[in-house]
Amino acid sequence: MPTVAVPLGEIATGVPRRRFVRKRRLRVANPVKTIVRKAVIALFGVWIKVSTSLVRRLNWFPSVKTYVGYGTEEYSRLVCRTIYAPTRAKPHTPMRGIHAMLEVPAAHERVRIDIDDVPLKTVQVGTMEVYDPIDSTRNQTMDYSMSDSAGYLDLLAEHRLQPGIHTISCTVPRRPPVKAELFTIPSDTNVGVISDVDDTIMVTQVPTLWKAVYNMMLLSPHKRASVPGMAVMYNKIRAMFPNAPFFYLSTSPWNVESQIRGFITDYGFPDGPLLLRDLDPRPKTFVPSGVQHKLEYAEQLMEDFPDMKFILLGDDGQKDPTTYAQIVKRYPGRVLAIGIRQLSPREAGGGLVPMSGFATTQPVPDTDVPVFTGATGANMMKTMLPYLEQFR
């Protein structure tokens, strides 16, 4: 598949970046969607009530899952989740998606958090799926924090840390501490990478619903296939920019974090934070769309690292091209390049070649930054890597 490069615009001209101000439109509620949303939320509430009663009868009690965090020398963003689990459960053991999706949240549980064995006491409690800027007026000082109704705890902690990889430790009553990595990124880092997961690095065939469901829910976590050449390309980018952090952004739920984390390790992709989403519709009224989810996290990363420019990597099977084009428009001068992996017609059509005249993937985005496309990592890096050399 040929590689396409869109001419470079505002990056080359040196136009100073401007802060994006979101404009909210008044929307008229669709009565059918309102009814469907209320029904989904009601059914979800019933399932939570029944499942919670069942696991308590089985003598399960709250456990905690700690996810990889990131931050700067001044503050860190941390996410964990409290769920019900058997006595001998291992929180980060990869499991089939169907098992992970049936996890029962343990709401409003106390969680004590340490960083490098130092208790974390001053935090700002955030809201899942919503970008929370630093606001010292919202700081709370406590010995422990409380998870929300979905079991999640989204924290922004202000403190001083040296750049590097640190250790987060989360503890709930009656359980041993559960640890994860914390990537503290130097504030003067110039380049970062934001990468999609599904069909960009991991073969999931998201455009085909039944195959995506099978791959995520039923396939063994150790049998996931990697997109050819992508691990090589990512490691070449890492070698080109040794200090560049890799942020893996996906519309997959936090329930399958251990599966994706294991995949990244098994196939040798650069390690980095996973930014996933919460599928519990109750705390935020409903589940956010994939585009909304990715834009929220992109906004968070752009604001957390105002001096960093990003390489955006995705695929044309979902809405990555238009989503990335929106990011470029919102943050002019902050994106160095976009890489879009092109799905084959058979991949996009679930094994069937689509009829003539019917497109199953999105076109190359129309942006002011170069867009490189290819069916594999080898295709993309032939022209993308030589272009990125100038930013070393």
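Refer to the structure presented above.
Residues numbered from 1 in each chain as written. Predicted model: local features only at pLDDT ≥ 70, side-chain atom pairs only at ≥ 80, totals over all residues. Heavy atoms only, no water.

J.: Account for the overall build of the protein, naming residues and giving values.
T.: Looking only at helices and strands, the protein features ten helices and 17 strands. In the protein, of all internal contacts separated by at least 6 residues, the share reaching a separation of at least 24 is 76%. When the accessible surface of the protein is totalled, it reaches about 18,700 Å², and 58% of it is carbon and sulfur. (Helix = DSSP H or I, 4+ residues; strand = E, 2+ residues; numbered from the N terminus. Contact = heavy atoms within 4.5 Å. Areas by Shrake-Rupley, 256 points an atom, 1.4 Å probe, with all protein chains shown as cover.)

J.: Give a detailed account of unusual backbone geometry, specifying residues and quantitative values.
T.: Positive phi is not limited to glycine here, since Asp117 has a value of about 70°. Inspection of the secondary structure puts Asp117 in the loop between strand E4 (110-115) and strand E5 (118-119). The class of Asp117 is exposed, set by a relative accessible area of 64%. Here the phi dihedral of Asp199 falls at roughly 65°; this positive angle occurs in a residue that is not glycine. (Buried < 20%, exposed > 50% of the residue type's maximum accessible area, 1.4 Å probe, protein only.)

J.: An account of empty space enclosed by the protein is needed here, citing residue identities and associated values.
T.: In this structure the tally under the stated criterion is four cavities of 30 Å³ or more. For the largest cavity, the calculated volume is near 200 Å³. Along the wall of the largest cavity there are 20 residues; nearest its centre are Val79, Asp154, Leu275, Tyr297 and Gln300. Elements with a minimum of two residues in the lining of the largest cavity: strand E2 (69-71), strand E3 (75-85), strand E14 (274-277) and helix H7 (290-304). Ranked by the residues each element gives to the lining of the largest cavity, the list is headed by H7, at four residues. (1 Å grid on protein atoms, 1.4 Å probe; cavity = no way out; pocket = protein on both sides within 12 Å on 5 of 7 lines; lining within 4 Å. Points joined across faces, edges and corners; volume = space filled by probe spheres on them.)

J.: How would you summarise the packing of aromatic side chains if you had to cite specific residues and measurements?
T.: If you walk through the whole model with that rule in mind, you get eleven aromatic pairs. Here the aromatic rings of Tyr70 and Phe247 are separated by 5.3 Å at their centres, their planes lie at 75°, and the arrangement is edge-to-face. Highlighted residues: Tyr70 in strand E2 and Phe247 in strand E13 (residues 246-253), separated in sequence by 177 residues. There is no split in this pair, since Tyr70 and Phe247 are both buried. Considering the side-chain rings of Phe263 and Tyr267, the 4.8 Å spacing of their centres and the 45° angle between planes classify their relative orientation as tilted. A relative accessible area of 36% places Tyr267 in the partly exposed class. Following the ring pairs from residue to residue traces out a cluster consisting of Tyr234, Phe246, Phe263, Tyr267 and Phe269. Its guanidinium or amino end placed over the ring of Tyr144, Arg110 lies 5.0 Å from that ring's centre, counting from NZ or CZ. The ring of Phe61 carries the charged tip of Arg175 above its face, separated from the ring centre by 3.9 Å. (Phe/Tyr/Trp six-rings, centres within 6.5 Å; stacked < 30°, edge-to-face > 60°. Lys NZ or Arg CZ within 6 Å of the ring centre and 35° of its normal.)

J.: An account of the environment of Arg160 is needed here, citing residue identities and associated values.
T.: Residue position: Arg160 is located in the loop between strand E9 (152-158) and strand E10 (164-171). Distance from Arg160 to Glu74, taken between C-alpha atoms, is 5.0 Å for residues 86 residues apart in sequence. With sequence-adjacent residues up to four places away left out, Arg160 is seen in contact with Glu73 and Glu74.

J.: Can you tell me about the pairing of E10, naming the residues and giving the values?
T.: Relative to E10, E4 runs antiparallel, the two sharing four bridges. When the bridges of E10 are listed, Arg112 appears paired with Thr171. As defined by bridge partners, E10 adjoins strand E11 (residues 178-184) across seven bridges and the pair is classed as antiparallel. Looking at the pairing, Gly164 lines up with Thr184 of E11. Taking the residues that link successive antiparallel strands as the turn, the E10-E11 hairpin has six residues, and the phi of Arg174 there is positive, at about 75°. (Pairing = 2+ DSSP bridges.)

J.: Describe a nonpolar patch on the surface, with residues and values.
T.: On the surface, a nonpolar cluster with roughly 230 Å² of combined accessible area is contributed by Val32, Val36 and Val40. Looking at the element boundaries, Val40 is found in helix H2 (residues 31-57). (Patch = residues over 30% accessible without salt bridge, like charges linked within 9 Å, V, L, I, M, F, W, Y side chains within 5 Å. Salt bridge = Lys/Arg side-chain N within 4 Å of Asp/Glu carboxyl O.)

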